[in-house]
Amino acid sequence: MNAGPSLPVESRPRVEGDRELQILQATLEVLGDVGYDRLTMDAVATRAKASKATLYRRWNTKAALVIDAIVAHKGPNHVPDTGSLRGDLLATSCGSGGFTDPQPISVLGSIMTAINRDADFAEAWRRDFIGPKIASSRAIYERARARGEIRDDLDIDLIAGAFAGIILHRIFVLGEPASADSIANVIDQIVLPACRPTDPR
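The paragraphs below set out a description of the structure included in this document. (Residues numbered from 1 in each chain as written. Predicted model: local features only at pLDDT ≥ 70, side-chain atom pairs only at ≥ 80, totals over all residues. Heavy atoms only, no water.)

1. Looking at the pattern of salt bridges
Okay, step 1: All chains considered together, the criterion is met by 14 salt bridges.
Okay, step 2: The partner of arginine 117 in a salt bridge is aspartate 37, and the shortest N-O contact between them spans 3.6 Å. Of this pair, arginine 117 sits in helix 6 (residues 102–117) while aspartate 37 sits in the loop between helix 1 (17–34) and helix 2 (41–48), and the two are 80 residues apart along the sequence.
Okay, step 3: Exposure remark for arginine 117: the relative accessible area of 67% places this residue in the exposed category.
Okay, step 4: Each member of the salt-bridge network shares a partner with another, and the members are Glu20, Arg58 and Asp68. (Salt bridge = Lys/Arg side-chain N within 4 Å of Asp/Glu carboxyl O. Helix = DSSP H or I, 4+ residues; strand = E, 2+ residues; numbered from the N terminus. Buried < 20%, exposed > 50% of the residue type's maximum accessible area, 1.4 Å probe, protein only.)

Here's what the structure looks like:
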């Protein structure tokens, strides 16, 4: 018996809304439990109480699924405007999605090997997650420069990377969880002095 033509790819039902969010949250949970290398579509389907076919209707690789989960958790790209460089850096670094938020830090630790070993995953990670973060950070420093808080010859990308690097070094190498106080110390003792315009005297 002829079963008839199969549905074209574009006609397949998509995973959307709350169900999609449940699957993405399950992905982050499995990622935190076992890391990227050991994460499987089967494990995510089981955690989300979904079929593997449901996952494959929306994501054809685990890399695509993990990137979507990470980006969804990050939420909309919001650039705070507190009126000062110090305030903006504290606002982006502390709280949900920042250095003091345990889940994104756990996720970063879970995907380190993938960033180094999987070129396709690393490209998507840098494009879809890191790229918007860099753009937001640059906007904060450019705005501070317009207010006169940053000297004209400062390499914004260098100081922004140094700020993040110091905090991540303390988290992953020294084993010191980030706090609002420790982040404020890095800002006050390293970032702001490096940014401050030179006294013309």
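There is more to say, and it comes next.
2. Re the packing of aromatic side chains
Okay, step 1: This structure, assessed with the given rule, holds 3 aromatic pairs.
Okay, step 2: Centre to centre, the rings of tyrosine 36 and phenylalanine 121 are 4.6 Å apart; their planes meet at 45°, and the pair counts as tilted. Residue tyrosine 36 is located in the loop between helix 1 and helix 2, and its partner phenylalanine 121 is located in helix 7 (residues 119–146); the two are separated by 85 residues in the primary sequence. Per residue, the accessibility class of tyrosine 36 equals that of phenylalanine 121, and both read buried.
Okay, step 3: Consider the rings of phenylalanine 99 and phenylalanine 163, whose centres lie 6.2 Å apart with planes at 90°: the pair is edge-to-face. Linking phenylalanine 99 in the loop between helix 5 (85–93) and helix 6 with phenylalanine 163 in helix 8 (residues 156–172), this pair joins segments that are 64 residues apart in sequence.
Okay, step 4: Its relative accessible area of 18% is what places phenylalanine 99 among the buried residues.
Okay, step 5: A cation over a ring is seen here: lysine 62 above tyrosine 36, with NZ or CZ 4.4 Å from the ring centre. (Phe/Tyr/Trp six-rings, centres within 6.5 Å; stacked < 30°, edge-to-face > 60°. Lys NZ or Arg CZ within 6 Å of the ring centre and 35° of its normal.)

3. Some remarks on the layout of surface pockets
Okay, step 1: A volume near 1200 Å³ is recorded for the largest pocket.
Okay, step 2: Considering the residues around the largest pocket, the lining is formed by 42 residues, among which Thr92, Gly97, Phe99, Phe129 and Lys133 are closest to the centre.
Okay, step 3: Counting only elements with at least two residues in the lining of the largest pocket, the list comes to helix 4 (62–74), helix 5, helix 6, helix 7 and helix 8.
Okay, step 4: In terms of residue count, helix 7 provides more of the lining of the largest pocket than any other element does, 11 residues in total.
Okay, step 5: In the lining of the largest pocket, the residues fall into 24 nonpolar, 13 polar and 5 charged. (1 Å grid on protein atoms, 1.4 Å probe; cavity = no way out; pocket = protein on both sides within 12 Å on 5 of 7 lines; lining within 4 Å. Points joined across faces, edges and corners; volume = space filled by probe spheres on them. Nonpolar A, V, L, I, M, F, W, Y, C, P; charged D, E, K, R; others polar.)

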